[in-house]
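Residue-level structure breakdown
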Amino acid sequence: MVHIGVVTVGVVVGSELGYLCGYLMVIAHGVCSPLLFGVAYRFYQGRHSRLLTANRGRLATPLAALTLFLLLAVNMGAPPFLNLWSEVLMFCSLLAYAVHAGWVLLPAALLAALYNLHLYVRLTHGKESAAAAPWGEL
């Protein structure tokens, strides 16, 4: 939802920079989101639950944890990934259009990054419950 909101902001601003940010976000979202949905489906297959508490500690292999970390880093806009550059362009184009929008944008970006980090920690750390079937790979 946030990625499509960035596209909407870029188009609503109407500048060339806004259109560029929307275009870059569509490309980045088209690569990142299907892979994250695939990971979520794999978690659902193993536990038949979408709750974070039910899927705690499900990633047993380092490769699976690294894959999830990279996907979440792309999703939250970490350097050098395309989401970061499209969000930076969105901030620049929107702040040029509405100077007072910064006090809303920066906390929203921080909360999105914190949620992705929280998701990673909850899924890779902690004790897996005894009712779970072993599932070590993505």
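The structure we're discussing is the one just above.
Summarised in this report is the structure supplied together with it. Treat the numbers as computed from the prediction; the structure is a model and nothing was measured.

Let us now look at the nonpolar core. By size, the foremost hydrophobic cluster in this structure holds 14 residues, and its most contacted members are Leu68 and Leu72. Mapped by element, the contributors of at least two residues to this core are α2 (16–47), α3 (62–76) and α5 (102–124). Considering each element in turn, this core owes the most residues, 6 residues, to α3. If you look at the next biggest cluster of nonpolar residues, it comprises 12 residues, including Val6, Met25, Met90 and Phe91.

What follows deals with the packing of aromatic side chains. Each aromatic ring pair is specified by the distance between its two centres and by the angle formed by the two planes. Tallying each qualifying case throughout the model produces 1 aromatic pair. Aromatic pair Phe69 and Tyr120: ring centres 5.3 Å apart, planes at 65°, arrangement edge-to-face. Here the residue Phe69 occupies a position in helix α3, and Tyr120 occupies one in helix α5, the gap between them amounting to 51 residues. The class of Phe69 is partly exposed, set by a relative accessible area of 35%. Residue classification places Tyr120 among the buried residues on the basis of a relative accessible area of 18%.

Turning to α3, a few remarks are in order. Given a rise of 1.5 Å per residue, 15 residues ought to cover 21 Å, and the 21 Å separating the end C-alpha atoms of α3 matches this to within 8%. Of the positions making up α3, those classed as buried are Ala64, Ala65, Leu68, Leu71, Leu72, Ala73, Val74 and Asn75. Within two residues after α3, Gly77 carries a phi angle of roughly 85°, on the positive side.

Following both chains from N to C, one finds α2 and α3 inclined at 140°, their axes separated by 10 Å at the closest point. The angle between α2 and α3 places the two elements in the oblique class. Read as a crossing pair, α2 and α3 show a hand that is left-handed. Counting all contacts with α2, which are made through Cys32, Leu35, Leu36 and Val39, the residues of α3 involved are Leu68, Leu71, Leu72, Val74 and Asn75. Along the lines of polarity and charge, the residues of the contact of α2 with α3 split into 8 nonpolar, 1 polar and no charged.

Cut-offs and rules
- Residues numbered from 1 in each chain as written.
- Predicted model: local features only at pLDDT ≥ 70, side-chain atom pairs only at ≥ 80, totals over all residues.
- Heavy atoms only, no water.
- Core = buried A, V, L, I, M, F, W, Y, C linked by side-chain atoms within 4.5 Å.
- Buried < 20%, exposed > 50% of the residue type's maximum accessible area, 1.4 Å probe, protein only.
- Helix = DSSP H or I, 4+ residues; strand = E, 2+ residues; numbered from the N terminus.
- Phe/Tyr/Trp six-rings, centres within 6.5 Å; stacked < 30°, edge-to-face > 60°.
- Expected span 1.5 Å × (residues − 1).
- Axes fitted to C-alpha atoms, helices over the stretch in contact; angles between N-to-C directions.
- Parallel < 35°, antiparallel > 145°, perpendicular 65-115°, else oblique.
- Left-handed = near helix turned anticlockwise from the far one by under 90°.
- Contact = heavy atoms within 4.5 Å.
- Nonpolar A, V, L, I, M, F, W, Y, C, P; charged D, E, K, R; others polar.

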